[in-house]
Amino acid sequence: FGYLILEHLPHVQFAFDGDMFLRIMVPPIVFEAAVKINKQAFRRHIVPIVIFSIVGTLASTAFTAFILHKGSSMLKYVTTIPVKESLIFGALISSIDPIAVL
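Nothing here was measured: the structure is a model prediction, and the numbers come from that model.

Enquirer: Residues and numbers for helix H5 (residues 83-94), please.
Expert: One turn of an α-helix holds 3.6 residues; hence residues three or four places apart share an orientation. The first and last C-alpha atoms of H5 sit 16 Å apart over twelve residues, in line with the 16 Å expected at 1.5 Å per residue. Those residues of H5 lying buried are Ser86, Gly90 and Ser94. Down the axis, H5 shows its buried residues gathered within 50° of arc, on one side only. Opposite its buried face, H5 presents the exposed residues Lys84 and Leu92, each directed more than 90 degrees away.

Next up, the structure:
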């Protein structure tokens, strides 16, 4: 019965717009986080934060590049992705991790 009613109502399509999210929703979220951060605690822990972000990004880059290079070499009908291109891809993908942590 509900299907017959819904069939004759005007349809409204809702979809997630990633561009709108990035341009309108993310800046206020980042700004609010920057305003409310405990600046004394941040300064006190700046050395471990920087070390973990650099080491973590480098490790994530290397791990992603290794998986991509070795994974592409194991596939039968795929050209093996060179190490240089795998490292570039790994750097692009893993660079978001420190931002997400902060």
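Enquirer: Could you give an account of a nonpolar patch on the surface, naming the residues involved and the relevant values?
Expert: On the surface, a cluster of nonpolar side chains totalling about 760 Å² of accessible area is made up of Ile46, Val47, Val50, Ile51, Phe52, Ile54, Val55 and Leu58. Tracing the backbone through its elements, the reader meets Val55 in helix H4 (residues 46-74).

Enquirer: Summarise the pattern of salt bridges; cite the residues concerned and give the values.
Expert: Applying the stated criterion across every chain, the model contains two salt bridges. Asp19 serves as the salt-bridge partner of Arg23, at 2.9 Å between the closest nitrogen and oxygen. Here Arg23 pairs with Asp19, and both are found in helix H2 (residues 18-36), just four residues apart, close to one helical turn.

Enquirer: Before we move on, could you go through the packing of H4 against H5 and cite the residues and values that matter?
Expert: Contact pair H4 / H5: the axes reach a minimum separation of 7 Å and the direction vectors enclose 135°. As the angle between them shows, H4 and H5 are arranged oblique. Once H4 is placed against H5, the crossing between them reads as right-handed. Facing Thr57, Ser60, Thr61, Thr64, Ala65, Leu68 and His69 of H4, the residues of H5 in contact are Val83, Ser86, Leu87, Phe89, Gly90, Ala91 and Ser94. Residues that form the contact of H4 with H5 fall into these classes: six nonpolar, eight polar and no charged.

Reading guide: rules and limits
- Residues numbered from 1 in each chain as written.
- Predicted model: local features only at pLDDT ≥ 70, side-chain atom pairs only at ≥ 80, totals over all residues.
- Heavy atoms only, no water.
- Helix = DSSP H or I, 4+ residues; strand = E, 2+ residues; numbered from the N terminus.
- Expected span 1.5 Å × (residues − 1).
- Buried < 20%, exposed > 50% of the residue type's maximum accessible area, 1.4 Å probe, protein only.
- Arc of directions from axis to C-beta.
- Patch = residues over 30% accessible without salt bridge, like charges linked within 9 Å, V, L, I, M, F, W, Y side chains within 5 Å.
- Areas by Shrake-Rupley, 256 points an atom, 1.4 Å probe, with all protein chains shown as cover.
- Salt bridge = Lys/Arg side-chain N within 4 Å of Asp/Glu carboxyl O.
- Axes fitted to C-alpha atoms, helices over the stretch in contact; angles between N-to-C directions.
- Parallel < 35°, antiparallel > 145°, perpendicular 65-115°, else oblique.
- Left-handed = near helix turned anticlockwise from the far one by under 90°.
- Contact = heavy atoms within 4.5 Å.
- Nonpolar A, V, L, I, M, F, W, Y, C, P; charged D, E, K, R; others polar.

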